Amino acid sequence: MSDNSDVEVEDEEEYKYGLQDDSEPQDTRPTVVLMGQKRSGKTSIRKVVFQKMSPNETMFVESTARITKDTVCSSFINFETIEFPGQMCPFDHTLDPVNTFKKCGALLFIIDAQDDYTDAIRKMADYFAKAYRINSKIKFEVFVHKADGLTEENRVETKFEVYHAVKEELKELGIKDLQVTYHLTSIYDHSIFEAFSKVVQNLVRQLPTLERLLDIFNQGSNVTKSFLFDISSKIYVATDSLPVEMSIYELCCDMIDVTLDISSIYGSGEYGIPFDEHSAAVIKLKKTESWSFYSAKSIDSWHSSRLCAVRTSKSRDISNTTSPVSRRASKKYST
């Protein structure tokens, strides 16, 4: 009995979320650092993605005047966000930059695509170079933000200009091996959630394993596409090996909203949680196409849950192919 318990503990530790070093405390969370010029949209991004603020309400959000730290802990999502005001240098010695960036998992720099970003790119390259010298394992991400105000042609052109300018700036600073990922984002569509999903996936140590498990699930269940969602933030922690179509991801996000809204009216359980490990939902859009949501058991406590969104190409109820679950608050909806 004790041998089995030891194995279970070891497996659980192996699959813990995020970055982890043997020399660090077990409760150390990876951090996602947000930087950018003043009024570039850093605070709005945090509030829309993690605090469910309406994009229209962000127009009244005041500019951040101090360092803001938030802990994001729900299901697989388990990290700390640190936002630096645009007028503050994160590498001031009084802010202990070495300690901040040693545990940094991802560094996000937000660029306002509708403003002159020449100075922003120069500052970003300098910050990236300094952070890279402290911790070369950081994942560097650039959000070309507020892209909703640009035409499709201008979006592509702006992204290319930013990419080329950053590459030249880093070259002048003598940084050659730094890899930067670029995203076109907006809080008025699902692009910001998709981009943050990519950021979070870079912090998941066992992402390849999760992808393989989803592939196996697809093959055994006649499913064409599946995601592993954190339903509270609509971030997908993993998906199968097939490319992600933005339209499918947007549909999944809309379905999560519908499921949670209806569940909040009819499905509140023992702890007042509308959608928990005892719940399931099936949403059918067409006779030949079925989208289904299944909530798996929480990995840490009752308020954390995982959601698998699956799409079947045939008129087949995949609930008949899965193992039975205890459905105290089981729901099935049709639209």
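Above this text sits the structure in question.
Residues numbered from 1 in each chain as written. Predicted model: local features only at pLDDT ≥ 70, side-chain atom pairs only at ≥ 80, totals over all residues. Heavy atoms only, no water.

Q: Explain the overall build of the protein residue by residue, including any values.
A: Regarding its fold elements, the protein presents eight helices and 12 strands. Relative to its 335 residues, the protein shows a buried fraction of 46%. For the protein, long-range pairs separated by at least 24 residues make up 66% of all intrachain contacts whose partners lie at least 6 apart in sequence. Element-wise, carbon and sulfur atoms account for 49% of the exposed surface of the protein, whose accessible area totals about 17,500 Å². (Helix = DSSP H or I, 4+ residues; strand = E, 2+ residues; numbered from the N terminus. Buried < 20%, exposed > 50% of the residue type's maximum accessible area, 1.4 Å probe, protein only. Contact = heavy atoms within 4.5 Å. Areas by Shrake-Rupley, 256 points an atom, 1.4 Å probe, with all protein chains shown as cover.)

Q: Which residues make up the environment of Asp 116, and what are the values?
A: Residue placement: Asp 116 occurs in the loop between strand 4 (104-112) and helix 4 (118-134). Reaching out from Asp 116, the side chain makes a polar contact with the side chain of Thr 118 at a distance of 3.0 Å. (Polar contact = N/O pair within 3.5 Å; in protein donor to acceptor, adjacent residues only side chain to side chain.)

Q: Please give an account of the pairing of strand 5 (residues 139-145) that cites residues and values.
A: Burial analysis of strand 5 places six of its seven residues in the buried class, which makes it a mostly covered element. In this sheet, strand 5 lies alongside strand 4 in parallel orientation, the contact comprising seven bridges. Within strand 5, the position partnered with Leu 108 by the bridge is Glu 141. With helix 4 bridging strand 4 and the parallel strand 5, this β-α-β connection has right-handed handedness. Here strand 5 pairs with strand 6 (residues 180-184) via five bridges, running parallel. Looking across to strand 6, one finds that Val 142 is bridged to Tyr 182. With respect to chirality, the unit in which strand 5 leads through helix 5 (residues 152-172) into the neighbouring parallel strand 6 is right-handed. (Pairing = 2+ DSSP bridges. Right-handed = clockwise from strand over helix to strand, strands pointing away.)

Q: Could you give an account of the nonpolar core, naming the residues involved and the relevant values?
A: Formed by 32 residues in total, the largest nonpolar core has its most connected members in Phe 101, Leu 107, Phe 128, Val 142 and Val 162. Elements represented by at least two residues in this core include exactly strand 1 (31-36), strand 4, helix 4, strand 5, helix 5 and strand 6. Top contributing element to this core by residue count: helix 4, with eight residues. Sequence-distant contacts of Val 142, that is, excluding residues within four places in its chain, are made with Phe 109, Ile 111, Met 124, Phe 128, Val 162, Val 180, Thr 181, Tyr 182 and His 183. With 29 residues, the next largest nonpolar core counts Leu 34, Leu 108, Ile 248 and Ile 256 among its residues. (Core = buried A, V, L, I, M, F, W, Y, C linked by side-chain atoms within 4.5 Å.)

Q: Tell me about unusual backbone geometry, and name the residues and values.
A: One non-glycine residue with positive phi stands out, namely Arg 39, at about 65°. Along the chain, the position of Arg 39 falls in the loop between strand 1 and helix 2 (42-50). Residue class for Arg 39 comes out partly exposed when judged on its relative accessible area of 47%. The phi torsion at Lys 52 lies on the positive side, around 55°, for a residue other than glycine. Of note, Lys 52 is situated in the loop between helix 2 and strand 2 (68-74).

Q: Now, about the packing of helix 4 against helix 5: what can you tell me, with residues and values included?
A: In the contact formed by helix 4 and helix 5, the axes pass within 9 Å of each other and the chain directions differ by 50°. Judged by the inter-axis angle, helix 4 sits oblique to helix 5. For the crossing formed where helix 4 meets helix 5, the hand is right-handed. Across the interface between the two elements, Ile 121, Arg 122, Met 124, Ala 125 and Phe 128 from helix 4 touch Val 162, Ala 165, Val 166, Glu 169 and Leu 170 from helix 5. (Axes fitted to C-alpha atoms, helices over the stretch in contact; angles between N-to-C directions. Parallel < 35°, antiparallel > 145°, perpendicular 65-115°, else oblique. Left-handed = near helix turned anticlockwise from the far one by under 90°.)

Q: Kindly report on the packing of aromatic side chains, identifying the contributing residues and their values.
A: For the structure on display, the rule yields 15 aromatic pairs. Plain terms: the ring middles of Phe 50 and Phe 196 are 5.1 Å apart, the flat faces sit at 85° to each other, and that makes the pair edge-to-face. Residue Phe 50 is located in helix 2, and its partner Phe 196 is located in helix 6 (residues 191-201); the two are separated by 146 residues in the primary sequence. Taking the centre distance of 6.0 Å and the plane angle of 10° together, the rings of Phe 229 and Tyr 249 count as stacked. Taken together, the positions of Phe 229 in strand 7 (residues 223-230) and Tyr 249 in helix 8 (residues 246-266) put the pair 20 residues apart, joining distant regions of the chain. For Tyr 249, a relative accessible area of 0% gives the class buried. Through a chain of ring-to-ring contacts, three or more aromatic side chains come together here, namely Phe 50, Phe 79, Phe 143 and Phe 196. Over the face of the ring belonging to Phe 227 we find Lys 225, whose NZ or CZ atom lies 5.5 Å from the ring centre. Over the aromatic face of Phe 193 sits the side chain of Lys 234, whose NZ or CZ is 4.9 Å from the ring centroid. (Phe/Tyr/Trp six-rings, centres within 6.5 Å; stacked < 30°, edge-to-face > 60°. Lys NZ or Arg CZ within 6 Å of the ring centre and 35° of its normal.)

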